[in-house]
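As a plain string of letters, each chain reads:
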Amino acid sequence: QVQLVESGGGLVQPGGSLRLSCAASGSIFSINAMGWYRQAPGKQRELVATITSGSSTNYADSVKGRFTISRDNAKNTVYLQMNSLKPEDTAAYYCNANLRTTYYSGRSAYWGQGTQVTVSS
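Residues numbered from 1 in each chain as written. Predicted model: local features only at pLDDT ≥ 70, side-chain atom pairs only at ≥ 80, totals over all residues. Heavy atoms only, no water.

A. Structural view of the sheet that holds strand 8 (residues 77–82). If you walk across this open sheet you meet the four strands as 1-3-8-7, and the pairing is antiparallel. Here the strands that pair on one side only, and so sit at the sheet edges, are strand 1 (2–7) and strand 7 (67–72). Looking at each pair of strands side by side, their axes are set apart by 15° on average, direction ignored. Note: strand 7 against strand 8, six bridges, orientation antiparallel. Paired with Asp72 across the two strands is Thr77, which belongs to strand 8. (Pairing = 2+ DSSP bridges. Helix = DSSP H or I, 4+ residues; strand = E, 2+ residues; numbered from the N terminus. Axes fitted to C-alpha atoms, helices over the stretch in contact; angles between N-to-C directions.)

B. View of the pattern of salt bridges. In the structure shown here, the tally under the stated rule is four salt bridges. Its salt-bridge partner being Arg38, residue Asp89 comes within 3.0 Å of it at the nearest N-O pair. A residue pair is termed long-range when its members are at least 10 positions apart, and Asp89 in the loop between strand 8 and strand 9 (91–100) and Arg38 in strand 4 (residues 30–39) qualify at 51 residues. Of the charged contacts in the structure, one is a salt bridge between Asp89 and Arg66, with a shortest N-O distance of 2.8 Å. Of the two residues, Asp89 is situated in the loop between strand 8 and strand 9 and Arg66 in the loop between strand 6 (57–59) and strand 7; the sequence distance between them amounts to 23 residues. (Salt bridge = Lys/Arg side-chain N within 4 Å of Asp/Glu carboxyl O.)

C. Seen up close, the state of the cysteines. Counting across every chain of the model gives one disulfide. In this model Cys22 forms its disulfide with Cys95; the gap between the sulfur atoms is 2.1 Å. The chirality of the disulfide connecting Cys22 with Cys95 is left-handed, given an S-S dihedral of about -80°. Of this pair, Cys22 sits in strand 3 (residues 18–26) while Cys95 sits in strand 9, and the two are 73 residues apart along the sequence. Just as Cys22 is buried, Cys95 falls in that class too. (Disulfide = S-S within 2.5 Å. Buried < 20%, exposed > 50% of the residue type's maximum accessible area, 1.4 Å probe, protein only.)

As structure tokens, this is what we get:
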């Protein structure tokens, strides 16, 4: 079994900052890409940022220059530093990991339970 547990969400004023964390645990052989996605009420889930095992990153245009994704491979943990937050960043944020559970298994995608980020004055 694999678990992804997110933390760090909350209520913040516009212009503020938050740092999200997501730790993967359980039967993990190797982790390829990790990432963050978000879903606002009434909207589809969208990509926020991804990072490969080699630390190559990719960002949605809407968060470039404001958000930074990073990871600690030794801890199987991915982070999302969010600065200059805007009301339109309000959403449930979900962690994703593409990983293998054994040497022989293929890659599968796993999701966390989500953490709420609300940007409001």
